Amino acid sequence: MRWSGQTVGAEQREQALLGMSGLVRSVRTPEFQGVTFHEVTAKSALNRVPASSSMPFEWSVNPYRGCSHACVYCFARSTHEYLDLDAGADFDQQVIVKVNVAEVLRAELAKRSWNHDLVALGTNTDPYQRAEGRYRLMPGIISALADSDTPISILTKGTLLRRDLPLLERAAERVPVDLSMSIAVFDDELQKAVEPGTPTTAARLATVRAAADAGFRVTVFLMPIMPWLTDSDAQLDDALARIADAGAARVVHGALHLRPGAKEWFLEWIDREHPELTVGYRRFYEHASYAPAGYRRTLARRLRPLLRRHGLDSHEDEDQPEQRRRAADAASRPRTAPVALDLAPQPALF
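Below is a summary of the structure that appears in this document. (Residues numbered from 1 in each chain as written. Predicted model: local features only at pLDDT ≥ 70, side-chain atom pairs only at ≥ 80, totals over all residues. Heavy atoms only, no water.)

**Concerning the packing of helix 10 (residues 262–273) against helix 11 (residues 278–285)**
Orientation of helix 10 relative to helix 11, taken along the N-to-C sense of each, is 160°, at an axis distance of 9 Å. As the angle between them shows, helix 10 and helix 11 are arranged roughly antiparallel. Considering only the axes of helix 10 and helix 11, their crossing is left-handed. For the pair helix 10 and helix 11, contact is made by Lys263, Phe266, Leu267, Ile270 and Asp271 and by Thr278, Tyr281, Arg282 and Tyr285, respectively. Of the residues belonging to the contact of helix 10 with helix 11, the class tally is 5 nonpolar, 1 polar and 3 charged. (Axes fitted to C-alpha atoms, helices over the stretch in contact; angles between N-to-C directions. Helix = DSSP H or I, 4+ residues; strand = E, 2+ residues; numbered from the N terminus. Parallel < 35°, antiparallel > 145°, perpendicular 65-115°, else oblique. Left-handed = near helix turned anticlockwise from the far one by under 90°. Contact = heavy atoms within 4.5 Å. Nonpolar A, V, L, I, M, F, W, Y, C, P; charged D, E, K, R; others polar.)

Next up, the structure:
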């Protein structure tokens, strides 16, 4: 990529990054039409996940903010509003790159107070979005985690994961390494419409196969399952057959949920691209972030025999109202364990 000489003017940069500190430069390149990359120096790399989260990890690292995958349903969209950017087009087109994230992470992991808890990547925006091919932040992150004996979890839609499989194999000799691929749509035309910046479904399935052949027990996130778009018995059966054929061991599944920021963007897309579904989607989501409980229960019940048929272990999406209520109740009780690191939390989804 011809990234040198692509600096964006100061006035434009100030408008795009109102209130952001640590900016090194803003760049554009012909390979990413309409996308501006804002390179920043981060003060911290480890993000503490709030205790009220239902997520099964306490720490995450996000080398990028914003994502050129441009998934219309992406639940991370609202995090861009912390930067005075919008959750719609800005999330897709104004991508923050923490160019020093690996060095900062290595320093944080070297602290005596670090407890070697699992660190998750891909919990906010994708660490293997296309820009990773240029910035190559993940090899340094993986090495820092492995060298500090810290378990690693990666969730991605990006086929750039294949580049780092040899490094991840070496890391797995020292620490547990969990790899997951997100594949929500198995119809090529719909996939291009709803996830326009992502690798194809076939390419992601090939990446699952490559990781499985490398010895990893790969999980596929079959989510979000979108009502009336990807939730028929035939669609689910086809998806699970292809996932099993790719060598995945487990499937995490869940219905679409739409939090503020993502909700407005997605419902505008539905109104424009599938007006016949507008009434149904607004009935489900206009006054709620989650699909109705009855729909979710029925979906899980329909999936169970299909998962058994294809020999796949399964797990329901943990980020659902019931799990979040239980996590919030647990978080309200007094903590007895010491805090691992005294780091200021960054805005997070959970």
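**So, the packing of aromatic side chains**
Given two aromatic rings, one states the distance between the centres and the angle between the planes to describe the pair. Applying the stated criterion to the full structure yields 10 aromatic pairs. When the centroid spacing of 6.3 Å and the interplanar angle of 55° are considered together, the rings of Phe37 and Tyr135 count as tilted. Placement of the pair is Phe37 in strand 2 (residues 36–40) and Tyr135 in helix 4 (residues 132–135), with a sequence separation of 98 residues. By relative accessible area, Phe37 is classed as buried at 0%. Aromatic pair Phe266 and Trp269: ring centres 5.7 Å apart, planes at 40°, arrangement tilted. Here Phe266 pairs with Trp269, and both are found in helix 10, just 3 residues apart, close to one helical turn. Members of the aromatic cluster, each reached through a chain of ring pairs, are Trp228, Phe266, Trp269, Tyr281, Phe284, Tyr285 and Tyr295. Positioned above the aromatic ring of Phe32, the side-chain terminus of Arg130 is 4.0 Å from the ring centre. (Phe/Tyr/Trp six-rings, centres within 6.5 Å; stacked < 30°, edge-to-face > 60°. Buried < 20%, exposed > 50% of the residue type's maximum accessible area, 1.4 Å probe, protein only. Lys NZ or Arg CZ within 6 Å of the ring centre and 35° of its normal.)

**Digging into the sheet that holds strand 1 (residues 23–27)**
Ordered by their spatial adjacency, 4 strands build an open sheet running 1-2-6-5, and the pairing between neighbours is mixed. Of all strands in the sheet, those bounded by a partner on one side alone are strand 1 and strand 5 (64–65). (Pairing = 2+ DSSP bridges.)

**Remarks on the packing of helix 9 (residues 233–245) against helix 12 (residues 293–309)**
The geometry of helix 9 relative to helix 12 is characterised by a closest axis approach of 10 Å and an angle of 40° between their N-to-C directions. As summarised for this structure, helix 9 and helix 12 are arranged oblique, according to the angle between their axes. Relative to helix 12, the crossing made by helix 9 is right-handed. Of the residues in helix 12, those touching helix 9 at Asp233, Leu236, Asp237 and Leu240 are Leu299, Arg302, Leu303, Leu306, Leu307 and Arg309. Here the residues of the contact of helix 9 with helix 12 are counted per class, giving 6 nonpolar, no polar and 4 charged.

Purely spatial values, then, with no claim about function.
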